[in-house]
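Read off the chains here:
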Amino acid sequence: MFTSLITPPPAADAPAHERFLHLLRLSLAGGQFGKLLLSGPVGDDSDVERLTVRRIELRGEPALSFLWRHRTKDITKNHAPEAGLAEIAALLGTRFRNAHLHTSTEELQFAVSRKGRETLRVTRLDAPTEAPPAAAGHDKAKHRPLEMRHPVWSALGLTHLVKGEPALVPAMARKWKQINRFVEILSAAVGDAGLSGTVRVADFGSGKGYLTFAVHDWLQAQGLTPRVTGIELRDDMVQLCNAVIEGEQLSGIRFDQGDVRTQAVQPLDVMIALHACDIATDHALHVGLQSGAKVIMSSPCCHKELRPQMTLPHVLRPMLQHGIHLGQEAEMVTDSLRALLLESQGYQTQVFEFIALEHTSKNKMILAVKAQGQAAEALAARRPELLAQIAEIKRFYGLREQRLEQLLAA
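Just so it is clear, the model here is predicted, and its values are computed rather than measured.

The rules behind these values
Residues numbered from 1 in each chain as written. Predicted model: local features only at pLDDT ≥ 70, side-chain atom pairs only at ≥ 80, totals over all residues. Heavy atoms only, no water. Core = buried A, V, L, I, M, F, W, Y, C linked by side-chain atoms within 4.5 Å. Buried < 20%, exposed > 50% of the residue type's maximum accessible area, 1.4 Å probe, protein only. Helix = DSSP H or I, 4+ residues; strand = E, 2+ residues; numbered from the N terminus. Phe/Tyr/Trp six-rings, centres within 6.5 Å; stacked < 30°, edge-to-face > 60°. Expected span 1.5 Å × (residues − 1). Arc of directions from axis to C-beta. Contact = heavy atoms within 4.5 Å. Pairing = 2+ DSSP bridges. Axes fitted to C-alpha atoms, helices over the stretch in contact; angles between N-to-C directions. Parallel < 35°, antiparallel > 145°, perpendicular 65-115°, else oblique. Left-handed = near helix turned anticlockwise from the far one by under 90°. Nonpolar A, V, L, I, M, F, W, Y, C, P; charged D, E, K, R; others polar. 1 Å grid on protein atoms, 1.4 Å probe; cavity = no way out; pocket = protein on both sides within 12 Å on 5 of 7 lines; lining within 4 Å. Points joined across faces, edges and corners; volume = space filled by probe spheres on them. Salt bridge = Lys/Arg side-chain N within 4 Å of Asp/Glu carboxyl O.

**Student:** Looking at this structure, I do not really get the nonpolar core. What am I missing?
**Tutor:** The nonpolar side chains of a soluble globular protein tend to be buried with one another. Core analysis: the biggest nonpolar cluster contains 42 residues, and Trp153, Phe182 and Phe213 have the highest contact counts within it. A total of nine residues in this core trace back to one element, the largest contributor, which is helix α4 (residues 173-193). Ile231, Met310, Tyr347 and Ala368 belong to the second largest nonpolar core, which has 35 residues in total.

Take a look at the structure:
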């Protein structure tokens, strides 16, 4: 797929960066490329921390995906192979001092000292590692972080036995994919937040408990001590989940009947609220903030509060005269204000599609991780700017009130 990248080898005495780039090209052309990490940013004025490069396919064509990790956000940019390699060449030594290339047969470490001296170290692996995955696409097979053999999944109706082995109930395949994708996002957030030891979690609107049990299972598998509580309005769901806990003799997890709008604030590390309707999302976010949660995960739905308040700016009226467009605009404005409010409270916040639309129409995620160190200082310095942006958005759309903002003010 990348065979066109092969070029003549550099001379034996060529600079280390030329030899590194040649080996990088060979790993891509030969299918041994695993991952490239650029680190050690040059200069103090940039908030870029590192760059991760992986190979993907876009519409059937090979490409290189660049994930730029900033102190307060992540940015992904995709490049054609030659353009991507040209950018990597331009970044070596100028934007980043170190490059670490993982292949199936070798590990290559390139470094530039502060005096400009280049070094390249190649470590051949004793035995080839597992073959790198095929270039990533939207439908690539992924490693699932949960173990299907756990008896709790059978108790919840997700799995059954086929020839003595646990297998997914066919109708639950999409649900299983959603659960695993959620845990993948949680695992990254827990790492970014630096959580360790006992991890206190509240899952508001836990329903049948799929995600609640998944979080408990994953935390235990990581050697952490879970203290997970599912909170659900429907008492029959609470009884069902607690019966599963009793039947499987699980510890560190329980389900309570309750409403997020009347919950007493208790210390939390992780707050989860998926598909909380309309302003229930705002109440859940507020509970997360009040509880001091390091990680806040919300998948909002049913955006009703702002739509009737919106006074349409003249320039947007031709677009928003259609009800579907007005609804989408109200959804975007609502979740943008929520994200800005979370940032103003010191959280690094992302809004993204966490599962493909084919699996659920409620596929938006607001993820907020409490900033630390320099990132926290940067957000604190930006707070007046963030509050001014919130006020300007409200003015532009003629909005009188937004529930999370009201709760924070109160």
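**Student:** Is there a simple way to explain the packing of aromatic side chains in this structure?
**Tutor:** Overall, the coordinates contain five aromatic pairs when judged by the stated rule. Measuring from ring centre to ring centre gives 5.3 Å for Phe213 and Phe255, while their planes differ by 40°; the resulting arrangement is tilted. With a gap of 42 residues between them, Phe213 in helix α5 (residues 210-221) and Phe255 in strand β12 (residues 253-257) connect regions that are remote in the sequence. Per residue, the accessibility class of Phe213 equals that of Phe255, and both read buried. Judged by centre distance (5.0 Å) and plane angle (85°), the rings of Phe396 and Tyr397 are edge-to-face. Tyr397 gets classed as buried once you look at its relative accessible area, which sits at 8%.

**Student:** What is the right way to read helix α6 (residues 235-248) from this model?
**Tutor:** Since the α-helix advances by 3.6 residues per turn, residues separated by three or four positions end up pointing in the same direction. An ideal rise of 1.5 Å per residue puts 20 Å on 14 residues; α6 measures up with 20 Å between its terminal C-alpha atoms. Buried residues of α6: Met237, Val238, Cys241, Val244 and Ile245, and no others. The arc that holds every buried residue of α6, seen down its axis, measures 125°, which confines them to one face. Structural note: α6 exposes Gln239, Glu246 and Gly247 on the side pointing more than 90 degrees away from its buried face. Those residues of α6 hidden inside the fold are in contact with α3 (151-155), α5, β11 (225-232) and β12.

**Student:** Whenever I open this one, the pairing of strand β2 (residues 48-58) confuses me. Can you help?
**Tutor:** For strand β1 (residues 33-41) and β2, the ladder comprises three bridges, and the chain directions are antiparallel. Bridged to Leu37 within β2 is Thr52. Of the pairings in the sheet, the one linking β2 to strand β3 (residues 61-70) comprises 10 bridges and is antiparallel in character. Residue pairing across strands places Ile56 opposite Ala63, the latter belonging to β3. Once β2 ends, the chain turns through two residues before running back antiparallel as β3, passing Arg59 with a positive phi of about 50°.

**Student:** Would you explain the packing of helix α1 (residues 16-29) against helix α2 (residues 81-91) in this entry?
**Tutor:** To characterise two packed helices, one gives the angle between the axes of the helices and the distance between these axes. Packing of α1 against α2 brings their axes to within 11 Å, and their N-to-C directions diverge by 155°. When the axes of α1 and α2 are compared, the pair comes out roughly antiparallel. For α1 against α2, the interelement crossing comes out right-handed. Taking contact as the criterion, the partners of Leu21, Leu24, Arg25 and Leu28 in α1 are, on α2, Glu82, Leu85, Ile88 and Ala89. Each residue belonging to the contact of α1 with α2 can be placed in one class, and the counts come to six nonpolar, no polar and two charged.

**Student:** Explain the layout of surface pockets here, please?
**Tutor:** Over the atoms, a rolling probe the size of a water molecule traces out where space has been left empty. By volume, the second largest pocket amounts to about 670 Å³. Lining the second largest pocket are 27 residues, with Phe204, Gly205, Ser206, Leu274 and His275 sitting closest to its centre. Among the secondary structure elements, those contributing two or more residues to the lining of the second largest pocket are α4, β10 (198-204), α5, β11 and β13 (270-277). Of the residues in the lining of the second largest pocket, the class split is 13 nonpolar, seven polar and seven charged.

**Student:** Honestly, the pattern of salt bridges in this entry has me stumped. Any pointers?
**Tutor:** Between side chains of opposite charge, a pair can form as their charged atoms come close. The tally for this structure, following the rule as stated, stands at 16 salt bridges. Linking Arg181 and Glu184 is a salt bridge whose minimum nitrogen-to-oxygen distance equals 3.3 Å. Of this pair, Arg181 and Glu184 both sit in helix α4, three residues apart, which is roughly one turn of that helix. A residue is classified by how much of its surface remains accessible, and Glu184, at 19% relative accessible area, is buried.

**Student:** I would appreciate a short explanation of the sheet that holds strand β6 (residues 106-112) in the present structure.
**Tutor:** One open sheet holds the seven strands; their spatial order is β4-β3-β2-β1-β5-β6-β7, and the pairing between them is antiparallel. The open sheet terminates on both sides in strands that have one partner only, identified here as β4 (74-79) and β7 (118-124). Pairwise comparison of adjacent strand axes, ignoring direction, gives a mean angle of 15° for this sheet. With five bridges joining them, strand β5 (residues 96-103) and β6 adopt antiparallel strand pairing.

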